[in-house]
Amino acid sequence: MTPVLLALGLIALIGSLLRYVVADLDVEAARRNIGVLVLNVFLPALVFRVICSVPTGPEMLQIPLVMAIGVGCCLALALLIFRPLALRSEEKGALILASAFGNVTYLGLPVLQGVFPALALQVAKVAILSEVTTTPLNLSVGVALGESFSGNVSSGVLRQAIRAVITMPALWAIVLALAWTGSGIPIPGFLMEATRILGNTVTGLMMLSLGMGLRYRRIHQPLPLLLASTIKLLVSPLVILAAARWIGLQDPYLQAVVLEGGMPTQLLTFVIADRVGLDVECLALCILLNTAASFVTIPLLHGWLFS
């Protein structure tokens, strides 16, 4: 796992340095454009290929259920921990969101495919199902929680979030793939080849975009950030491991979903925090901290739990 994480970390590092090295590049605009292409073209192509290529089984329901349990438990624990602390409400809301919603595709997918190269399609299914669980929860429950802490309650924001869930390209790619395979109509070879070519670009683009979204800042109050990062990087995978074993999820899906549980905070959380008025500076520091720490905690957890 170490060579895989070092390679992915190098790509993310290159992305994080672009704003300092390439003066003429509008990094934020480039990152947004990459995100639009990944979410609307490359990731749906990968989703379609994976669902059409890998036989479906009980994991199609088990993985979303396990991920939802993990998110719910982490949110509940974070609420219990951060509510009594002497922090501003906007900081509390940001840290609570940072504790629960993981970066299951931009980091999770490259890590899984690197750790399980012989099972790339199977573990890609785990990342896809984790994404279509985590992102809708972030866009609904996360938005509602964020608004409750910021005091910026707006039906318009929640309405936009619900619309974003319904129109998720990856979700519709799953629906299309299941309908096509269920119909018994053969999938043309050129279509599968096109989705393979597009899907193969996802890992590099995701890691580069992840690095471009990270900014180096000085940390003034480390304890709240460490608490949120501990919940996300250590508590979350343990909760998901217990839930997965209880439900009866089998390998390789079991190991893959536990690794997904140990991913750092989802970058989408930053967008949500900005929209609802939470402390985005605090959240940005937390994302930077636990993303860097995850390159240590992920291999340690995997070795400890599955050696």
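For the structure itself, look to the data block above.
**Student:** Where do I start with the overall build of the chain in this structure?
**Tutor:** In terms of helices and strands, the chain carries 14 helices and 0 strands. When the elements of the chain are put in sequence order from the N terminus, they spell out α-α-α-α-α-α-α-α-α-α-α-α-α-α. Over its C-alpha trace the chain gives a radius of gyration of 19 Å, about what one expects of a compact globule, namely 19 Å for 307 residues. When the 307 residues of the chain are sorted by exposure, 50% land in the buried category. Put simply, 85% of the contacts in the chain that link residues at least 6 apart link residues at least 24 apart. Accessible surface computed for the chain: about 13300 Å², of which carbon and sulfur atoms make up 68%. Both charge centroids of the chain, one from 17 positive and one from 14 negative side chains, sit 2 Å from each other.

**Student:** It is not clear to me how unusual backbone geometry should be interpreted in this structure. Could you clarify?
**Tutor:** Glycine aside, residues mostly have negative phi angles, and peptide bonds mostly take the trans form. Of note, the amide linkage connecting Asp-251 to Pro-252 takes the cis form, showing an omega dihedral of 5°. Mapped onto the elements of the fold, Pro-252 is located in the loop between α11 (222-247) and α12 (253-261).

**Student:** How do you make sense of the packing of helix α4 (residues 89-98) against helix α14 (residues 280-306) when you look at a structure like this?
**Tutor:** When two helices pack together, their arrangement is given by the angle between the helix axes and the distance between those axes. Running from N to C, α4 and α14 cross one another at 30°; their axes reach a closest spacing of 9 Å. Classified by the angle their axes make, α4 and α14 are roughly parallel. Considering how the two elements wind past one another, α4 and α14 form a crossing that is right-handed. Contact residues: Ala-94, Leu-95 and Ala-98 in α4; Cys-282, Leu-283, Cys-286 and Asn-290 in α14. Of the residues assigned to the contact of α4 with α14, the class counts are 6 nonpolar, 1 polar and no charged.

**Student:** Explain the packing of aromatic side chains here, please?
**Tutor:** The relative placement of two aromatic rings is captured by the distance of their centres and the angle of their planes. Across all of its chains, the model carries 1 aromatic pair by this definition. Measuring from centroid to centroid gives 5.9 Å for Phe-48 and Trp-180, while their planes differ by 70°, and the two rings are edge-to-face. With Phe-48 in helix α2 (residues 27-53) and Trp-180 in helix α8 (residues 169-183), this residue pair connects regions lying 132 residues apart in the sequence.

**Student:** What exactly am I supposed to notice about the side chain of Ser-294 here?
**Tutor:** Mapped onto the elements, Ser-294 comes out in helix α14. By relative accessible area, which is 0% here, Ser-294 ends up buried. A polar atom in the side chain of Ser-294 sits 2.6 Å from the backbone oxygen of Thr-291. With near-sequence residues (within four places) excluded, Ser-294 lies in contact with Leu-107, Leu-233, Pro-264 and Pro-299.

**Student:** Please explain the packing of helix α3 (residues 59-82) against α12 as it appears in this structure.
**Tutor:** Between α3 and α12, whose axes approach to 11 Å, the crossing angle comes to 30°. Here α12 runs roughly parallel to α3, going by the angle between their axes. Like other packed secondary-structure pairs, α3 and α12 cross with a definite hand, here right-handed. Two secondary-structure elements touch here, α3 through Glu-59, Ile-63, Val-66 and Met-67 and α12 through Tyr-253, Val-257 and Glu-260. Residue composition of the contact of α3 with α12, grouped by class: 5 nonpolar, no polar and 2 charged.

**Student:** Honestly, the state of the cysteines in this entry has me stumped. Any pointers?
**Tutor:** A covalent bond bridging the sulfur atoms of two cysteines is what the word disulfide describes. Counted by the stated rule, this structure contains 0 disulfides. Just so you know, Cys-282 is unpaired, no disulfide at all, and the nearest cysteine sulfur is the one on Cys-286, 6.6 Å from it. On the basis of relative accessibility, which here comes to 10%, the residue Cys-282 falls in the buried class.

**Student:** Would you take a moment to explain the environment of Ala-12 for this structure?
**Tutor:** Inspection of the secondary structure assignment puts Ala-12 in helix α1 (residues 2-21). Classification of Ala-12 as buried rests on a relative accessible area of 8%. The sequence separation of Ala-12 and Gly-213 amounts to 201 residues, and the corresponding C-alpha distance is 9.3 Å. Ignoring sequence-local partners within four residues, the contact set of Ala-12 consists of Met-207 and Gly-211.

**Student:** Would you explain a nonpolar patch on the surface in this entry?
**Tutor:** On the surface, Leu-10, Leu-13, Ile-14, Leu-17, Tyr-20, Val-21, Val-22 and Leu-25 cluster together into a nonpolar patch covering about 700 Å² of accessible area. Mapping Ile-14 onto the fold places it in helix α1.

**Student:** Could you clarify how one ought to interpret the environment of Gly-262 in this entry?
**Tutor:** Turning to its location among the elements, Gly-262 is positioned in the loop between α12 and α13 (268-276). Looking at Gly-262, the relative accessible area reads 3%, which means it is buried. Leaving out residues up to four positions away in the same chain, Gly-262 has contacts with Lys-232, Leu-233, Pro-237 and Ile-298.

**Student:** Teacher, can you tell me more about the pattern of salt bridges here?
**Tutor:** Charged atoms that come close allow side chains of opposite charge to pair. Overall, the coordinates contain 4 salt bridges when judged by the stated rule. Note that Glu-90 is salt-bridged to Arg-88, the shortest N-O span being 3.4 Å. Salt bridges here are not isolated pairs; linked through shared partners, they connect Arg-88, Glu-90 and Glu-91.

The rules behind each value
Residues numbered from 1 in each chain as written. Predicted model: local features only at pLDDT ≥ 70, side-chain atom pairs only at ≥ 80, totals over all residues. Heavy atoms only, no water. Helix = DSSP H or I, 4+ residues; strand = E, 2+ residues; numbered from the N terminus. Rg over C-alpha atoms; globule rule 2.2 N^0.38 Å. Buried < 20%, exposed > 50% of the residue type's maximum accessible area, 1.4 Å probe, protein only. Contact = heavy atoms within 4.5 Å. Areas by Shrake-Rupley, 256 points an atom, 1.4 Å probe, with all protein chains shown as cover. Lys, Arg positive; Asp, Glu negative; His and termini not counted. Charge placed at Lys NZ, Arg CZ, Asp CG, Glu CD. Axes fitted to C-alpha atoms, helices over the stretch in contact; angles between N-to-C directions. Parallel < 35°, antiparallel > 145°, perpendicular 65-115°, else oblique. Left-handed = near helix turned anticlockwise from the far one by under 90°. Nonpolar A, V, L, I, M, F, W, Y, C, P; charged D, E, K, R; others polar. Phe/Tyr/Trp six-rings, centres within 6.5 Å; stacked < 30°, edge-to-face > 60°. Polar contact = N/O pair within 3.5 Å; in protein donor to acceptor, adjacent residues only side chain to side chain. Disulfide = S-S within 2.5 Å. Patch = residues over 30% accessible without salt bridge, like charges linked within 9 Å, V, L, I, M, F, W, Y side chains within 5 Å. Salt bridge = Lys/Arg side-chain N within 4 Å of Asp/Glu carboxyl O.

Read these as layout, nothing more, since geometry by itself doesn't imply function.
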